[in-house]
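Coordinates in review
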There are 2 protein chains.
Amino acid sequence: MERYDVVVVGAGLAGLAAARDLTAAGKRVVVLEARDRVGGRTDHALTRAGVLETGGQWVGPTQTEVLALIDELGLETFRQFDAGQRVTVLNGADTRRLQEAPSISATGGAELAAVIERLDAMAATVSLSSPWLTGDAELWDSMTVESWLTSEVEDEEALQYLRALVPGIFSAEAPELSLLHFLFYVKSAGSIADLLRIEGGAQESRVLGGSHLISERMAEALGDAVRLGTRVHTISHDADGVQVVHDGGEVSADHVIVTLPPTLAGRLRYEPPLPAARDVLTQQVPMGSVIKVHLVYERPFWREAGLSGQAFSTVDPLSLTIDNTPPGTDHGVLLGFFEGRHARPLSELTPAERQKIAVDCVVRFFGPEAAEVLEYVEKDWTMEEFSRGCYGGRLGAGVWTQYGHALAAPVGRIHWAGAESAEVWNGYMDGAVRSGRRAAREILG
Amino acid sequence: MERYDVVVVGAGLAGLAAARDLTAAGKRVVVLEARDRVGGRTDHALTRAGVLETGGQWVGPTQTEVLALIDELGLETFRQFDAGQRVTVLNGADTRRLQEAPSISATGGAELAAVIERLDAMAATVSLSSPWLTGDAELWDSMTVESWLTSEVEDEEALQYLRALVPGIFSAEAPELSLLHFLFYVKSAGSIADLLRIEGGAQESRVLGGSHLISERMAEALGDAVRLGTRVHTISHDADGVQVVHDGGEVSADHVIVTLPPTLAGRLRYEPPLPAARDVLTQQVPMGSVIKVHLVYERPFWREAGLSGQAFSTVDPLSLTIDNTPPGTDHGVLLGFFEGRHARPLSELTPAERQKIAVDCVVRFFGPEAAEVLEYVEKDWTMEEFSRGCYGGRLGAGVWTQYGHALAAPVGRIHWAGAESAEVWNGYMDGAVRSGRRAAREILG
């Protein structure tokens, strides 16, 4: 049997970042990846407008680990297009307000700002390393985000706006999240503005050529240490080491780093079985539901009308759009998301049916020219066998306080990484990189 | 490859009941069971007081399917011992009230009765076949049971009492359950009283010799069709049939019935992968946490003091006890449950440490004689690799309305059974039997 210092399960950003640090420290490492590609929840498609990212794509200024990595790998970033007016669709009073009118009433806007300030202040008190030890952890983990919003927000438009923000961040609905998890996630990113903003926030920049290049460059440097099409199903572990069994054989090592999201990590077989806390945790960190769609046009016609290509709707199934045109093309590209409750029934339709629904939405947002689609590209992440949802795993009510301590704590020689286990920028590419590097430090230190 | 009409995965009550009906209808059936015994979440231990059940044990008068089965199998039931005073420990006003005093204040008692009446009335409106279509489904699924209780219950003792009832029913805490799931479960059983009561309720009777005998008798009749120690890991399915691969080989059939609780069913590999709704559902039906302990005494000393052996405490880790003495012994047996938040940290201790904690509790409840334990028997269900928790899976906020339709709906030739998929007496032995018979009817019909 082949013997290594460390086996890494999963060649996404977390696994490759871990393998990179371990290799640099002189460790013998192998990375086992079920897919026939690296990159995990980052992926791409080649279209007539160039490379489009079908998974995670943005980086922001406080995401310092991923930015440093991008730089070290010789990659470059460019700014997200962000000029022109936004389209906001609210049905607070059974009306649709487009950019010509204020997107929210003065009363609603004032309450929205006040509520966001309150949530930021609450988030500031959350312990990132031990959210369950936060002063109000028990209270905040006993309720859903929806319960808090309905009890605290009076203005109907502000309430709708806030409810609709949730799937935009989590690809899950307000009832599906613990308030404590929401606040942890805000703190992990910095603030609600850090999560939502383009300039200065999580959507500020993109990677030239596509975010998948971060993983590809790391994998290139690791060479034969990365094995694609190698699906792990069993991890045996004892005082002497670990044996990791995949469909085509097995490898042994001193340590293993499992980078799969908790729900998929829970589907591996462990011998001996994991402690109860870790196992039961993996039973309840479900993945979000999102279908990411790209619409390629002859040109970015919305820009000529003074529009940014950004839409935010509390009623349409395509609830968020943004101009995702890459540099170096005359074509225009709109990116849209079907998220949460919208994504779930649409997952059962055909691509052509989804395309029609997406086009109907962008025509409502940006006018009849939006019907002239040259190319449609989509990715339903819930149907990806080796992700089973995006953007990531979430914790519902009661989970952080009962099981949060098992999210990243090693079990003997088994270490856990992946964006869900990150303290900073949890759920993001930056968090994934951080989590892999942290797991590597656990082994090296 | 061996070919059958139906492969059943799991030889608990659901799987064996399904196999029994299918065999009676002339189908060729094989039942594959990972454990070296049948019975799933029913099991037993032999003690000096006789057989004690370490898993599910009670049956009640409206559980007509399991009662009929018990009768058909030539088994008998006997009444749960229920004479004498109960011990109730509340810390509403920082006092402990034992049976000498009223267990709850008049105000608290009145509110408790009124709240239970309201919850029963709400539960009566729930659709058992489609809970997500219930009139108030969206609202009730948007909040936790804890949120509803804290907003609706004023009396502090009544609130504590209700909060403590939840883990007694679900082995999970009030924040971990959707209000809609709670109400569904109540409706599924009949009423809150049906869930809580001994006489006339879910704890009325026991099976002479142990509830595991129901499965054992069914398995005996099925003979070689039941294969123990046969752990299934992959199910391939297409228009022609199913192939079920286990550690020692594979079998093929026209249909497969998977009786594992959703979280464990989600850990099997399916080729092709399951539809998103079914897969993501299995990511979020976590099992409860319970450690069931038995304390065997020289004699049932509590009876001589006029006590029933029943205790209910809102503060002690052993939150529920009951006299579990089987017929035909002079010994006395107390049964106790560590549930939910109490079970989780205790799972990490040794049996001796848990015994000490259990004994400390029963001494507080029943006096110093309770320290004279002859024999201690425990079962931590979260550590059982092939259950990973008991009594069963629960649905947190948002799950019923988003994914409930995937709980029992067949996926092609794959049928789902198990107590979590039952409409009537969901979560109970009776529901398990019903679910297996329903899955058999899906195939036969």
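The model shown is predicted, which means the values in this text are computed figures rather than measured ones.

1. Quick notes on the overall build of chain A
Scanning chain A for helices and strands turns up 16 helices and 19 strands. Computed over C-alpha atoms, the radius of gyration of chain A comes to 22 Å, within 12% of the 22 Å expected from 2.2 N^0.38 for 445 residues, which places it in the range of a compact globule. For chain A, the C-alpha atoms occupy an extent of roughly 70 × 50 × 40 Å along the three principal directions. Taking contacts inside chain A between residues at least 6 apart in sequence as the whole, the part at least 24 apart equals 74%. Counting only carbon and sulfur atoms, one obtains 51% of the accessible surface of chain A, whose full area is about 15500 Å². Separation of charge centres in chain A, based on 39 positive and 61 negative side chains, amounts to 3 Å.

2. Topic: unusual backbone geometry
For the peptide bond that leads from Cys390 of chain A to Tyr391 of chain A, omega is -5°, which places it in the cis range. Mapped onto the fold, Tyr391 of chain A is located in the loop between strand S18 (375-380) and helix H15 (399-403). With a phi angle near 45°, Ser171 of chain A is a residue other than glycine that sits in the positive phi range. For Ser171 of chain A, the position within the fold is in the loop between helix H6 (156-170) and helix H7 (179-189). Owing to a relative accessible area of 0%, Ser171 of chain A belongs among the buried residues under this scheme. Positive phi outside glycine occurs at Arg388 of chain B, with the angle close to 55°. Take Arg388 of chain B: its relative accessible area is 2%, and that puts it in the buried class.

3. Side note on the domain arrangement of chain A
Residue and element names in this part refer to chain A. You can read the domains of chain A as domain 1 (2-41 + 211-285 + 397-444) and domain 2 (105-195). Computed from C-alpha coordinates alone, the two centres of domain 1 and domain 2 are separated by 30 Å. Taken together, the two surfaces of domain 1 and domain 2 that pack against each other cover about 1400 Å², and 60% of this comes from carbon and sulfur. Considering only the surface of domain 1 that becomes buried against domain 2, Trp400, Thr401 and Glu423 emerge as the three largest contributors, covering 47% of it. On inspection of domain 1 and its partner domain 2, the count reaches 0 salt bridges. On inspection of domain 1 and its partner domain 2, the count reaches 9 residue pairs in polar contact (both at pLDDT 80 or more). Here the side of domain 1 that touches domain 2 is built from residues that sort into 7 nonpolar, 6 polar and 1 charged.

4. Focus on the pattern of salt bridges
For the structure on display, the rule yields 64 salt bridges over all chains. The shortest N-O distance in the salt bridge between Arg3 of chain A and Asp254 of chain A comes to 2.5 Å. Here Asp254 of chain A lies in strand S12 (residues 249-258) and Arg3 of chain A lies in strand S1 (residues 2-9), a separation of 251 residues in the sequence. Residue classification places Arg3 of chain A among the partly exposed positions, given a relative accessible area of 35%. Glu176 of chain B is paired through a salt bridge with Arg344 of chain B; the nearest N and O atoms lie 3.1 Å apart.

5. Observations regarding the interface of chain B and chain A
If you look at the interface, chain B gives 45 residues, while chain A gives 45 residues. For the pair chain B and chain A, the two sides together bury roughly 3300 Å², of which 44% comes from carbon and sulfur. The interface formed by chain B and chain A contains 6 salt bridges. With a closest N to O distance of 3.0 Å, Arg267 of chain B and Asp279 of chain A form a salt bridge. One can count 26 residue pairs in polar contact (both at pLDDT 80 or more) joining chain B with chain A. At 5 residues, the largest contribution of residues to the side of chain B that touches chain A is made by helix H11 (residues 276-282) of chain B. Taken together, the residues that form the side of chain B that touches chain A break down as 15 nonpolar, 15 polar and 15 charged.

6. Let's talk about empty space enclosed by the protein
One pass over the full model with this rule turns up 10 cavities of 30 Å³ or more. Here the largest cavity defines a volume of roughly 220 Å³. In this structure, the largest cavity is lined by 21 residues; those nearest its centre are Gly396 and Ala397 of chain A together with Gly396, Ala397 and Val399 of chain B. The residue makeup of the lining of the largest cavity, split by class, is 11 nonpolar, 6 polar and 4 charged.

7. Section: the packing of aromatic side chains
All names here are of chain A. For the structure shown, the criterion picks out 28 aromatic pairs over all chains. Between Tyr297 and Trp302, the aromatic rings sit 5.9 Å apart at their centres with planes inclined by 75°, giving edge-to-face as the arrangement. The pair Tyr297 / Trp302 is uniform in exposure class, with both members buried. Through successive ring pairs, a cluster of aromatic residues spans Phe170, Phe182, Tyr185, Trp425 and Tyr428. Sitting above the plane of the Trp381 ring, Lys379 keeps its charged end 5.0 Å from the centroid.

8. Some points on the packing of helix H6 (residues 156-170) of chain B against helix H7 (residues 179-189) of chain B
All names here are of chain B. Where H6 contacts H7, the two axes come as close as 12 Å, and the packing angle between them is 65°. In this structure, the crossing between H6 and H7 has a hand that is left-handed. Contact with H6, carried on its side by Val166, Ile169 and Phe170, involves His181, Phe182 and Tyr185 of H7 and no other residues of that element. Its residues assigned to classes, the contact of H6 with H7 shows 5 nonpolar, 1 polar and no charged.

9. A look at the relation of the copies chain B and chain A
Overlay of chain B on chain A (RMSD 0.0 Å): rotation 180°, translation along the axis 0.0 Å. Taken together, the turn and the small shift mark the pair as related by a two-fold rotation axis. Of the interface residues in chain B, 100% have counterparts in chain A that sit at the interface too, so the contact is made through matching surfaces.

10. Structural notes on the environment of Ala422 of chain B
Residue and element names in this part refer to chain B. The topology assignment puts Ala422 in the loop between strand S19 (414-416) and helix H16 (429-444). Through-space distance from the C-alpha of Ala422 to that of Val242 is 24 Å; in sequence the pair is 180 residues apart. The residues touching Ala422, leaving out its near neighbours within four places in the chain, are Phe184, Gly431 and Ser435.

11. Some details on the side chain of Glu420 of chain B
Relative to the helices and strands, Glu420 of chain B resides in the loop between S19 and H16. Setting aside residues no more than four positions away along its own chain, Glu420 of chain B makes contact with Arg41, Pro261, Pro262, Met287, Gly392, Gly393, Leu407 and Asn426 of chain B.

12. What to know about the sheet that holds strand S8 (residues 205-207) of chain A
Reading across from one edge, S5-S8-S6 (chain A) is the order of the 3 strands in this open sheet, with antiparallel pairing throughout. Looking at the sheet topology across the chains shown, the edges are occupied by strand S5 (58-59) and strand S6 (77-79) of chain A.

13. Observations regarding the sheet that holds strand S16 (residues 318-323) of chain B
All names here are of chain B. On the basis of which strands lie adjacent, the open sheet formed by 6 strands has the order S7-S15-S16-S17-S14-S18 and mixed pairing. Edge positions in the sheet fall to strand S7 (85-89) and strand S18 (375-380), since each of these pairs with one other strand and no more. Strand after strand, the sheet turns through a mean of 20° between neighbouring axes, direction not considered. Inspection of the sheet shows strand S14 (residues 290-297) paired to S18 by 6 bridges, in the antiparallel sense. Residue pairing in the sheet places Leu295 in a bridge with Tyr376 of S18. Across the sheet, H6 touches S7, strand S15 (307-313), S16 and strand S17 (332-339), and the angle it forms with S15 is around 105°. The strands touched by helix H14 (residues 351-366) within the sheet are S7, S14, S15, S16, S17 and S18, with S16 carrying the most contacts at an inclination of about 70°.

14. So, the pairing of strand S10 (residues 232-238) of chain B
Residues and elements named next belong to chain B. The buried fraction of S10 is high, at 5 of 7 residues. Alignment of S10 against strand S11 (residues 241-246), held across 6 bridges, turns out to be antiparallel. Paired with Thr234 across the bridge in S11 is Val245.

15. Quick word on the nonpolar core
With 53 residues, the main nonpolar core has Leu119, Phe182 and Leu183 of chain B as its most contacted residues. Listed by contribution, the elements that provide at least two residues to this core are helix H3 (106-124), helix H4 (137-141), helix H5 (145-152), H6, H7, helix H8 (192-196), H11 and helix H15 (399-403) of chain B. With 9 residues, H6 of chain B is the single largest residue contributor to this core. Both of domain 1 (2-41 + 211-285 + 395-444) and domain 2 (106-195) of chain B provide at least three residues apiece to this core. The residues touching Leu119 of chain B, leaving out its near neighbours within four places in the chain, are Trp148, Leu179, Phe182, Leu183 and Ile192 of chain B. Ala172, Phe182, Val399 and Trp425 of chain A belong to the second largest nonpolar core, which has 51 residues in total.

Calculation criteria
- Residues numbered from 1 in each chain as written.
- Chains lettered and ligands numbered in written order.
- Predicted model: local features only at pLDDT ≥ 70, side-chain atom pairs only at ≥ 80, totals over all residues.
- Heavy atoms only, no water.
- Helix = DSSP H or I, 4+ residues; strand = E, 2+ residues; numbered from the N terminus.
- Rg over C-alpha atoms; globule rule 2.2 N^0.38 Å.
- Contact = heavy atoms within 4.5 Å.
- Areas by Shrake-Rupley, 256 points an atom, 1.4 Å probe, with all protein chains shown as cover.
- Lys, Arg positive; Asp, Glu negative; His and termini not counted.
- Charge placed at Lys NZ, Arg CZ, Asp CG, Glu CD.
- Buried < 20%, exposed > 50% of the residue type's maximum accessible area, 1.4 Å probe, protein only.
- Domains from an automatic or database assignment.
- Buried area = accessible area lost by both parts, 1.4 Å probe.
- Salt bridge = Lys/Arg side-chain N within 4 Å of Asp/Glu carboxyl O.
- Polar contact = N/O pair within 3.5 Å; in protein donor to acceptor, adjacent residues only side chain to side chain.
- Nonpolar A, V, L, I, M, F, W, Y, C, P; charged D, E, K, R; others polar.
- 1 Å grid on protein atoms, 1.4 Å probe; cavity = no way out; pocket = protein on both sides within 12 Å on 5 of 7 lines; lining within 4 Å.
- Points joined across faces, edges and corners; volume = space filled by probe spheres on them.
- Phe/Tyr/Trp six-rings, centres within 6.5 Å; stacked < 30°, edge-to-face > 60°.
- Lys NZ or Arg CZ within 6 Å of the ring centre and 35° of its normal.
- Axes fitted to C-alpha atoms, helices over the stretch in contact; angles between N-to-C directions.
- Left-handed = near helix turned anticlockwise from the far one by under 90°.
- Least-squares fit on C-alpha atoms with pLDDT ≥ 70 in both.
- Pairing = 2+ DSSP bridges.
- Core = buried A, V, L, I, M, F, W, Y, C linked by side-chain atoms within 4.5 Å.

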